[in-house]
Amino acid sequence: MSVRVRFAPSPTGYLHIGGARTALFNWMFARHHGGQFILRIEDTDQKRTVPGAIEAIMDAMRWLGLDWDEGPDVGGPYGPYIQTQRADLYREWAYWLVEHGHAYKCFCTSEEVAKRRESRQGDQQAILGYDRHCRYLSAEEVAAKEAQGIPYVIRFKMPLEGTTTIPDIIRGDIVVDNGQVQDAVLLKSDGLPTYHLANVVDDHFMKITHILRADEWINTAPLHIHLYHAFGWDVPAYAHLPLVLNPSGKGKLSKRAQAFDDGGQQVLVKVEEFRDAGYLPEAVLNFLANVGWAFGEDREKFSMAEAIARFRLEDINPAPSRLPYGKLDWLNGQYIQEMESAALVEAVVPFLEKAGLDVSRDVLMVLADSMKPRLKRLSDAVDFLVFLRDETAEPLAVEQLVDKKLPLDAARAAFREALAIIQTIEPFSVDTLGEQLRAIGERHTTNSKAGPFLGKMRFAITRQRISPPLFESIVALGRERATARLEEAVKLLETA
RNA sequence: GCCCCAUUCGUCUAGUGGCCUAGGACGCAGCCCUCUCAAGGCUGAAACAGGGGUUCGAGUCCCCUAUGGGGCACCA
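Here helix α9 (residues 281–289) crosses helix α11 (residues 325–337) at 140°, and the two axes come no closer than 9 Å. Taken together, the axes of α9 and α11 are oblique relative to one another. Crossing angle aside, the handedness with which α9 passes α11 is right-handed. Within the contact between the two elements, α9 uses Glu 282, Ala 283, Val 284, Asn 286 and Phe 287 and α11 uses Tyr 325, Leu 328, Leu 331, Asn 332 and Tyr 335. Among the residues making up the contact of α9 with α11, the classes are represented as 7 nonpolar, 2 polar and 1 charged.

Given below as structure tokens:
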């Protein structure tokens, strides 16, 4: 039988990075086994559903490259893949359970349930949650309440005694006391199912073979297992994935609360934020795959094709972890370094445009090689290239153009020669400029090394203490603008 | 409060009873290279939560404690 797994987000907003990791593991597992990866939307909570969220989630997954074989947009043999469109199915099976004595109608309002729960707070024996009040109603009482038209939910009759063991691929057997699990609501009074019913019914009819979901579901797994038993269906294999924690280590990473790292820096949580910050999808995937799972052979950087080939659920580390964001920066930088120049240029253009920096692709090509080792994120290109903007050119001071190895007279002579070179050199290229300017430097510095001169020259051209290398900067600026900036330096040195 | 899961350098991890004087990566520090900043190269500091067992031998198995996390909704 072929492996079938699913990623089942609820459309409450955007794709969360922790959710992306769950999706990634499901996807890698499916691809490793040549099985199917299914995208299912769990939108049974009408209050939390936000319009546009399904598209946003799919966009984020597409950006990452996590392609699904069946889903809301592509369909598939077991659709529909949006739960609200399968409402009748859940209702049918909920009543089937009632008829077969595995579930019951509960007429308690949430307020009553909450109130009674409060009053039991002091009782150390009682579990929190529902007290099973309606489980013991007689047939007559139920009929009477129904006749009055009192709304009800359907609750599962959880076994009161014994234990349930959850065979977990990552953790081994987990044993839970049935008494710890309450009679969960299966069908809400609005006629829609809760997660518990919907996921069991769907996983069964969608022929899901392995359930890879977050750790936070362990506690309800016994309920799900008993649901399968009540229906007489096979129980899929379980693998509960470790949670992704807040960088502070306090609590799980949530999309509802903002997260901060130890430095008080706000941390990225939505997948689209990673995209907008200038991370490459390959880097994000590589980064996520390294949390809770390791490639092996002490390798940190690997392609998804390589990862898929050796991905095994058994190798997943069950301990929860924080996302090592610093490593993502490094990884992203590594991927940028390996990019083809043309690809880097294309990738960087949207970020420059957004920042109002209008730089031609030809100019970017000149700077591509010097950008590669310097960019952690694509968005860093903006700071890297601000010197190309005329308004940002700071006025010069003589002290910035001279030093011990390049005294005033030497600087004056060297800069004059450099100006002449820049005005006339042919071709106007990185190589020719480099050759000529270096020679000038060697002739005028006290230690006969080009370095001191090139440094001053670079400042005169870019007006930035930190900037791209000199020769590329000159070419990027163009002969005219470079000449203008240099003339200013020469004038300053002459009057000094 | 009750239940469940977990615990190797600051962080992400390797390790499945002897190969561990515990390996890698990021970050950090130093040096080299160098027109700045990066990148790159080299070097370094840095961990088996604690206590009991089991065993000839324990980071690896068991128990307890501690700590962290998760759950106890008509949310998923």
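Moving on from the model shown.
Our next topic: the packing of aromatic side chains. The geometry of two aromatic rings is summed up by the distance between their centres and the angle between their planes. Scanning the model with the defined rule gives 18 aromatic pairs in all. Their ring planes at 20° and their centres at 3.9 Å tell us that Tyr 195 and Trp 217 sit as a pair that is stacked. One end of the pair, Tyr 195, is in helix α6 (residues 195–205); the other, Trp 217, is in the loop between β8 (210–214) and α7 (221–231), with 22 residues separating them in the sequence. Judged by relative accessible area, which is 16%, Tyr 195 ranks as buried. What makes Trp 217 partly exposed here is its relative accessible area of 26%.

Turning next to the pattern of salt bridges. Summed over all chains, the structure comprises 34 salt bridges. Glu 297 is the partner of Arg 310 in a salt bridge, and the nearest nitrogen-oxygen pair spans 3.1 Å. Of this pair, Arg 310 sits in helix α10 (residues 304–310) while Glu 297 is found in the loop between α9 and α10, placing the two residues 13 residues apart along the sequence. Residues Glu 426 and Arg 479 are paired through a salt bridge, measuring 2.8 Å at the closest nitrogen-oxygen approach. With Glu 426 in the loop between α15 (408–424) and α16 (430–444) and Arg 479 in helix α19 (residues 479–495), this pair connects stretches of sequence that are 53 residues apart. In the salt-bridge network here, residues are joined through shared partners; they are Arg 6, Arg 40, Glu 42, Arg 86, Asp 202 and Asp 203.

What counts, and where the lines are drawn
- Here the residue numbers are simple positions, counted from 1 along each chain's written sequence.
- Each chain takes a letter, starting from A, and each ligand takes a number, starting from 1, following the order in which they are written.
- The predicted origin of the model limits local features to residues at a pLDDT of at least 70 and limits the giving and counting of side-chain atom pairs to 80 or more, whereas totals for whole chains, interfaces and linings rest on all residues.
- For the side-chain quantities, the full set of heavy atoms in the structure was used; hydrogens and water were omitted.
- Only C-alpha atoms enter the line fits that serve as axes; for helices the fit covers just the stretch in contact. Angles between N-to-C directions range over 0 to 180 degrees.
- In this text, helices come from DSSP runs of H or I with a minimum length of four residues, and strands from runs of E with a minimum of two, each type numbered from the N-terminal end.
- Oblique is the label for every angle not falling under 35 degrees (roughly parallel), over 145 degrees (roughly antiparallel), or within 65 to 115 degrees (roughly perpendicular).
- If you view the pair so one helix is near and one far, a crossing is left-handed when the near helix is turned anticlockwise from the far one by less than a right angle, and right-handed when it is turned clockwise.
- Contact between two residues is taken to exist if any of their heavy atoms lie within 4.5 Å; hydrogens are not considered.
- Just so you know the grouping, Ala, Val, Leu, Ile, Met, Phe, Trp, Tyr, Cys and Pro go in nonpolar, Asp, Glu, Lys and Arg go in charged, and all remaining residues, Gly too, go in polar.
- Stacked, edge-to-face and tilted are the three classes for Phe, Tyr and Trp ring pairs, Trp counted by its six-membered ring, which pair at centre distances within 6.5 Å; planes under 30 degrees apart are stacked, over 60 edge-to-face, the rest tilted.
- Relative accessible area decides the class of each residue, using a 1.4 Å probe on protein chains only: under 20% of the type maximum gives buried, over 50% gives exposed, and in between gives partly exposed.
- Salt bridge, as applied in this entry: a Lys or Arg side-chain nitrogen positioned within 4 Å of an Asp or Glu carboxyl oxygen.

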